[in-house]
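Observations on chain architecture
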Amino acid sequence: MPFVANFPFFSIFLCMVSGVISSVLKGKNSYKLNVIALMGSLVMNISLLVYMIGNPQPITYIMGHFSAPWGNELRFGPLEVVIACVFIFVMLLSLISGKSDIFHDVKEKNINLFYVMINMLMASLLALVYTNDLFTAYVFVEINTLSACAVVMAKENGKTISATIRYLFMSLLGSGLFLLSITLIYDLTGHLLMVNIHESMAQLMADGSYKLPVTIIVGLMSVGMAMKSALFPFHTWLSHAHGSATTASSAILSGLVLKGYIILLIKVYYRVFGLELISNLKVLNVLFIFSILGMIIGSIDAINETHIKRMIAFSSVAQMGYIYVGISLGTTAGFLAAVFHIIVHAITKPMLFSAAGGFARSSGHKYHFDDLKGAAYRNPIAGVAFVIGSLSMIGIPFFAGFATKYYISMAAMTNSNKMWFVLFALAVSTVLNAIYYIRAIGVMYSKQGVENITRYKNPKSYTIGMALFIIANIMLGLFYSPIISLLTTGLEVL
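Residues numbered from 1 in each chain as written. Predicted model: local features only at pLDDT ≥ 70, side-chain atom pairs only at ≥ 80, totals over all residues. Heavy atoms only, no water.

Quick look at the overall build of the protein chain
For the protein chain, the helix and strand inventory stands at 21 helices and 2 strands. The C-alpha atoms of the protein chain give 21 Å as radius of gyration, which agrees with the globular expectation for 494 residues (23 Å, within 12%). Taken along the three principal axes of its C-alpha coordinates, the protein chain extends 75 × 55 × 45 Å. When contacts within the protein chain are restricted to residue pairs at least 6 apart in sequence, long-range pairs at least 24 apart make up 81% of them. Approximately 18100 Å² of the protein chain is accessible, and the part contributed by carbon and sulfur atoms is 67%. The positive charge centre, built from 30 side chains, and the negative charge centre, built from 18, are 12 Å apart in the protein chain. (Helix = DSSP H or I, 4+ residues; strand = E, 2+ residues; numbered from the N terminus. Rg over C-alpha atoms; globule rule 2.2 N^0.38 Å. Contact = heavy atoms within 4.5 Å. Areas by Shrake-Rupley, 256 points an atom, 1.4 Å probe, with all protein chains shown as cover. Lys, Arg positive; Asp, Glu negative; His and termini not counted. Charge placed at Lys NZ, Arg CZ, Asp CG, Glu CD.)

Examining the nonpolar core
Grouped together as the largest cluster of nonpolar side chains are 167 residues, with contacts concentrated most on Phe76, Met91, Leu95, Phe273, Ile308, Ile327 and Phe386. With 18 residues, the single largest contributor to this core is helix H11 (residues 247-273). (Core = buried A, V, L, I, M, F, W, Y, C linked by side-chain atoms within 4.5 Å. Buried < 20%, exposed > 50% of the residue type's maximum accessible area, 1.4 Å probe, protein only.)

Structural notes on helix H21 (residues 481-492)
For H21, spanning 12 residues, the distance from its first C-alpha to its last is 17 Å, which sits close to the expected 16 Å at 1.5 Å a residue. Every buried residue belonging to H21 is among Ile484, Leu486, Leu487, Gly490 and Leu491, and all of these are buried. Along the long axis of H21, the arc covered by the buried residues comes to 165 degrees, so they all point the same way. Of the residues in H21, the exposed ones pointing more than 90 degrees away from the buried face are Pro482 and Glu492. (Expected span 1.5 Å × (residues − 1). Arc of directions from axis to C-beta.)

Considering the packing of aromatic side chains
Taken as a whole and assessed by the stated rule, the structure comprises 23 aromatic pairs. Members of the aromatic cluster, each reached through a chain of ring pairs, are Phe3, Phe7, Phe9, Phe10, Phe13 and Tyr61. A cation over an aromatic ring shows up here: Lys99 above the ring of Phe103, its NZ or CZ 6.0 Å from the ring centre. (Phe/Tyr/Trp six-rings, centres within 6.5 Å; stacked < 30°, edge-to-face > 60°. Lys NZ or Arg CZ within 6 Å of the ring centre and 35° of its normal.)

Considering the state of the cysteines
On inspection of all chains with the given rule, the structure shows 0 disulfides. Cysteine Cys15 remains unbridged, with the sulfur of Cys85 as its closest cysteine sulfur at 13 Å. Classification of Cys15 as buried rests on a relative accessible area of 0%. (Disulfide = S-S within 2.5 Å.)

A short note on the pattern of salt bridges
Considering all chains together, one arrives at 3 salt bridges under this definition. Residue Arg361 is joined to Asp101 by a salt bridge in which the shortest nitrogen-to-oxygen separation is 3.2 Å. Taken as a pair, Arg361 in helix H15 (residues 332-361) and Asp101 in helix H4 (residues 99-105) lie far apart in primary sequence, 260 residues in all. Neither Arg361 nor Asp101 differs from the other in exposure class; each is buried. For Arg310, the salt bridge is made with Glu305, and the minimal N-O distance between the two is 3.2 Å. Residue classification places Arg310 among the partly exposed positions, given a relative accessible area of 22%. By relative accessible area, which is 11% here, Glu305 ends up buried. (Salt bridge = Lys/Arg side-chain N within 4 Å of Asp/Glu carboxyl O.)

What about unusual backbone geometry?
With an omega of 5 degrees, the peptide bond between Phe232 and Pro233 qualifies as cis. Position of Pro233 relative to the elements: it lies in the loop between helix H9 (211-228) and helix H10 (238-244). Positioned with a positive phi, His365 is a non-glycine residue whose angle comes to about 60 degrees. Take His365: its relative accessible area is 32%, and that puts it in the partly exposed class. Here the phi dihedral of Phe398 falls at roughly 80 degrees; this positive angle occurs in a residue that is not glycine. Relative to the assigned elements, Phe398 resides in the loop between helix H17 (380-394) and helix H18 (400-412).

Looking at the environment of Tyr407
Looking at the element boundaries, Tyr407 is found in helix H18. Placed 294 residues apart in sequence, Tyr407 and Leu113 show a C-alpha to C-alpha distance of 41 Å. Setting aside residues up to four positions removed in sequence, Tyr407 forms contacts with Ala337, Tyr480 and Ile484.

Let's talk about a nonpolar patch on the surface
Together, Phe398, Ile464, Leu468, Ile471, Ile474, Met475, Leu478 and Phe479 line one region of the surface with nonpolar side chains, adding up to about 790 Å² of accessible area. Among the residues examined, Phe398 registers a relative accessible area of 65% and is labelled exposed. (Patch = residues over 30% accessible without salt bridge, like charges linked within 9 Å, V, L, I, M, F, W, Y side chains within 5 Å.)

Describing the packing of helix H1 (residues 7-22) against helix H5 (residues 111-130)
As a packed pair, H1 and H5 sit with axes 8 Å apart at the nearest point and diverge in direction by 165 degrees. On the basis of the axis angle, H1 is roughly antiparallel to H5. The two elements H1 and H5 meet at a crossing, and its hand is left-handed. Judged by residue contacts, Pro8, Ser11, Ile12, Cys15, Met16, Ser18, Gly19 and Ser22 of H1 engage Asn112, Val116, Asn119, Met120, Met122, Ala123, Leu126, Ala127 and Tyr130 from H5. Of the residues in the contact of H1 with H5, the class split is 11 nonpolar, 6 polar and no charged. (Axes fitted to C-alpha atoms, helices over the stretch in contact; angles between N-to-C directions. Parallel < 35°, antiparallel > 145°, perpendicular 65-115°, else oblique. Left-handed = near helix turned anticlockwise from the far one by under 90°. Nonpolar A, V, L, I, M, F, W, Y, C, P; charged D, E, K, R; others polar.)

A short note on the packing of helix H8 (residues 194-204) against H11
Relative to each other, H8 and H11 sit at 45 degrees, their axes nearing to 7 Å. Relative to H11, the element H8 lies oblique. Between H8 and H11, the contacting residues are Met194, Val195, Ile197, His198 and Met201 on the first element and Leu264, Lys267, Val268, Arg271, Val272 and Phe273 on the second. Per-class residue counts for the contact of H8 with H11 are 8 nonpolar, 1 polar and 2 charged.

Purely geometric numbers; function is a separate question.
Right under this line is the structure:
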């Protein structure tokens, strides 16, 4: 086993240790330690990605002294490593660009605790990406949930507490369904490692007598993860959490937390049940209905919203619909489109939230459209980032969002029963996306009723973070073919 195979474990461990140390540091020092830990994790995962490009076969990393079926394992190939690199990169940029808002919104005595939760959140996301053990996945799902609730509530006002309670109730319900499904899987197979479960599941399904219990298991797990990732109609908590949280928390919640659960679900579909079994159980048809409705209703809700962060949050509901549409097609092309859209949305949506934070900061920390007229002139780099992110989400050619909509359209062709529903929903959602994003751009660049426009001086951290976000989005829109190739290989060996 090559030395780089240790890096996933090192990355998870580094984030957890950084969280423990942050608890005894002051705010600025905890921020610096957090950045150093994320940069170290990013370097390690990029090194592993370079190795995977030349050696795309999956690696199983045994934890401790016990091998399968009793031990704990990490298992990773090109897909997992690409996702891990994206997650770490986005977390780093979200914290850098949102630094000033964190120090403004969070009480000074609690800033180090905020970064403790951020480190736990990052460790849990990496564990969800890399683990090969279902119960370990559940443990880190709960760590992820509690950490996410803490970073949402960091501002400590009535709105954030209310939003956190909404999020906690819905998320714990999803976690409960996930745990129940794991319990039933263990009862049927006697295994918790994904590969071993797959072998037992194939034997159980050979004569078809276990079709009903397996359908229930898949249904419970799918709905549980749908709740936690804000798929319609389980999205009602999302806009409240985004609208009240500090900017970095909103960016991380939308860009990363929601995606971690979907990546775990995709791994379970492929590695535990197998794509053929999942497609035959018809559970994906339920997700398909939810995702089609989410694409349209989420966009309609965004049109009716005048709070910029809540508007972006409702847009995320629509984007979750895009991802689940790809999954619910039940084909390799559909899953490829879904995973690529996870990457595009993970890079684009945090940039939009960070841009919204920049607009608000230059406008007296106000978020309603009436107070944000001319904000793009007061904060030009936020204006550029918002325009690029908006064009990407609309699906304009040469931006990353166009590539995802293209791949979803192509994937729809592989399922004749669902093709026209997908194409119709894509067309309607794209038009609706254009309506609310172009309206928002118009407000930010409007000088109507604005007498004096003074250029706001951004902190260096914000300028650096936004510049890197912009570069990443442009590069992803222009040079996505190598990523698609890696993801294709990753799905083949998943």
